[in-house]
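# A closer look at the structure
So the chains spell out like this:
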Amino acid sequence: MKSDRHFPVKRLLVLGALVGAGAYYFSREQNRRALDSKLAELGLKDAAQDVGHSVTKGWEKTKDAAKDASAVIADKAGEVKDAAAGGAQAAADKVKEVAGDVKGAVADASGKAADAAKDTAATASDKAGDVADKARDAAADAKNAATDKAAEVKADAQAKVADVKADATKAANDVKGAARDAKKS
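Here's a quick rundown of the structure. Keep in mind that what you see is a predicted model, and the values were worked out from it rather than measured.

Right, let's talk about the overall build of the protein for a bit. Check the secondary structure of the protein and you find four helices and zero strands. By sequence separation, contacts in the protein at least 24 residues apart represent 65% of the contacts at least 6 residues apart. When the accessible surface of the protein is totalled, it reaches about 14,100 Å², and 60% of it is carbon and sulfur.

So, in structure tokens, the structure goes:
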């Protein structure tokens, strides 16, 4: 009799492998420093730390739920072992009796792990929204700075044109004056 809900062992192994690879990568000092500086440069260091704390908290919840489930399973296994001393029928009856408790403990652990994953996903989503807002603000600041700089360059160019025009007019007037003076002499 196979249950529709089962513990996803393969997913847990893949998640463990990913966490292990991440731990190895971030354990190298140069990688941590480079990541810290890049996150600080982008203004995302706090968001990354919050997501990291959320993942840690979720992992602790999952670990605690697994400990609770394993304690229930060990306790029930002890009861079945004691009942087995009374005979095969007593052991079979005890297995039927404790099966619901074991199933409930595993379901509870699975539910807590799912809740922890949802909490972590919600935190990551919130932080992603914050990062998107920061990115929009940075883009708006960059656009405003570019507009201001373009206006400044335009004003400088107009001032230079006016100076050149004034210098050209003065030079033309000087040439006319010199030509008049030469004509008079």
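Our next topic: a nonpolar patch on the surface. A grouping of L12, L15, V19 and W59 is seen on the molecular surface, where their side chains present a nonpolar patch of about 390 Å² in accessible area. Sort the elements by how many residues they give to the nonpolar patch and helix 1 (residues 9-27) lands first, with three residues. Note on placement: V19 falls in helix 1. The exposure class of V19 is exposed, given its relative accessible area of 52%.

Looking now at the pattern of salt bridges. On inspection of all chains with the given rule, the structure shows four salt bridges. For K61, the salt bridge identified is with D119, shortest N-O distance 3.1 Å. Of this pair, K61 sits in helix 3 (residues 45-84) while D119 is found in helix 4 (residues 88-184), placing the two residues 58 residues apart along the sequence. Residue classification places D119 among the partly exposed residues on the basis of a relative accessible area of 37%. A salt bridge links D68 to K112; the nearest nitrogen and oxygen atoms lie 3.8 Å apart. Placement of D68 in helix 3 and of K112 in helix 4 is noted, with a sequence separation of 44 residues between them. Using a relative accessible area of 34% as the deciding quantity, one classes K112 as partly exposed. Three or more residues are tied together by salt bridges with common partners; here these are D68, D108 and K112.

Moving on, we get to the environment of K96. On the secondary structure map, K96 appears in helix 4. K96 sits in the exposed class, given a relative accessible area of 66%. Distance from K96 to V80, taken between C-alpha atoms, is 9.6 Å for residues 16 residues apart in sequence.

Analysis parameters
Residues numbered from 1 in each chain as written. Predicted model: local features only at pLDDT ≥ 70, side-chain atom pairs only at ≥ 80, totals over all residues. Heavy atoms only, no water. Helix = DSSP H or I, 4+ residues; strand = E, 2+ residues; numbered from the N terminus. Contact = heavy atoms within 4.5 Å. Areas by Shrake-Rupley, 256 points an atom, 1.4 Å probe, with all protein chains shown as cover. Patch = residues over 30% accessible without salt bridge, like charges linked within 9 Å, V, L, I, M, F, W, Y side chains within 5 Å. Salt bridge = Lys/Arg side-chain N within 4 Å of Asp/Glu carboxyl O. Buried < 20%, exposed > 50% of the residue type's maximum accessible area, 1.4 Å probe, protein only.

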